[in-house]
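# Report on the structure
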Amino acid sequence: QVHLVESGGGWVQPGGSLRLSCEASGTIFSAYDMGWYRQAPGKQRELVSITARRGSTSYADSVKGRFTISRDHAKNTVYLQMNNVKPEDTAVYYCAGRAPTASVFGFWGQGTQVTVST
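Summary of the structure given here.

Rules used throughout
Residues numbered from 1 in each chain as written. Predicted model: local features only at pLDDT ≥ 70, side-chain atom pairs only at ≥ 80, totals over all residues. Heavy atoms only, no water. Pairing = 2+ DSSP bridges. Helix = DSSP H or I, 4+ residues; strand = E, 2+ residues; numbered from the N terminus. Axes fitted to C-alpha atoms, helices over the stretch in contact; angles between N-to-C directions. Phe/Tyr/Trp six-rings, centres within 6.5 Å; stacked < 30°, edge-to-face > 60°. Buried < 20%, exposed > 50% of the residue type's maximum accessible area, 1.4 Å probe, protein only. Lys NZ or Arg CZ within 6 Å of the ring centre and 35° of its normal.

The strands making up a sheet associate through hydrogen bonds between their backbones, and the pairing can be parallel or antiparallel. Overall, antiparallel pairing links the four strands, which are arranged S1-S3-S8-S7 in an open sheet. The two strands at the open ends of the sheet, each matched to only one other strand, are strand S1 (3–7) and strand S7 (67–72). Shown here is a sheet whose adjacent strand axes are inclined to one another by a mean of 15°, direction ignored. Bridge analysis of S1 against strand S3 (residues 18–25) gives five bridges, and the strand direction is antiparallel. Directly across from His 3, in S3, lies its bridge partner Ser 25.

Structure, rendered in structure tokens:
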């Protein structure tokens, strides 16, 4: 059983920064691709960023140059550093894990709310 727990969400002003964390348990963390998704009110869930088990990273165009994904294998934790945030970054952010043999992200955290406003 894979268990993902996000933390670090909250309210931040436009232009500010926030760091989300996701701690994984119940799995070999280093073998999983890990990702961050988000879902804004009335919109579909969208992919924000992925860190693959071999170390490569990818980002949605909307966050490139502002967000950075990283992982700490010793802590079984993946992070999303959010800089220069914008009101359109407001959403519930979800951590997700993809097993080595899987084609989709099958493990999800409960989500953490990020609100960007003045």
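This part covers the packing of aromatic side chains. One pair of aromatic rings is described through two measures. These are the centre distance and the angle between the planes. One pass over the structure, following the stated rule, counts three aromatic pairs. Relative to Phe 105, the ring of Tyr 37 has its centre 5.7 Å away and its plane inclined at 75°; by these criteria the two rings are edge-to-face. With Tyr 37 in strand S4 (residues 33–39) and Phe 105 in the loop between strand S9 (91–98) and strand S10 (107–108), this pair connects stretches of sequence that are 68 residues apart. For Phe 105, a relative accessible area of 8% corresponds to the buried category. Of the aromatic side chains, those joined through ring pairs into one cluster are Tyr 37, Phe 105 and Trp 108. Positioned over the ring face of Tyr 94 is Arg 45, at 3.9 Å from the centre of the ring. The lysine or arginine in question, Arg 71, covers the ring of Phe 29, its NZ or CZ lying 4.6 Å from the ring centre.

Note that all results are geometric; they support no functional claim without further evidence.
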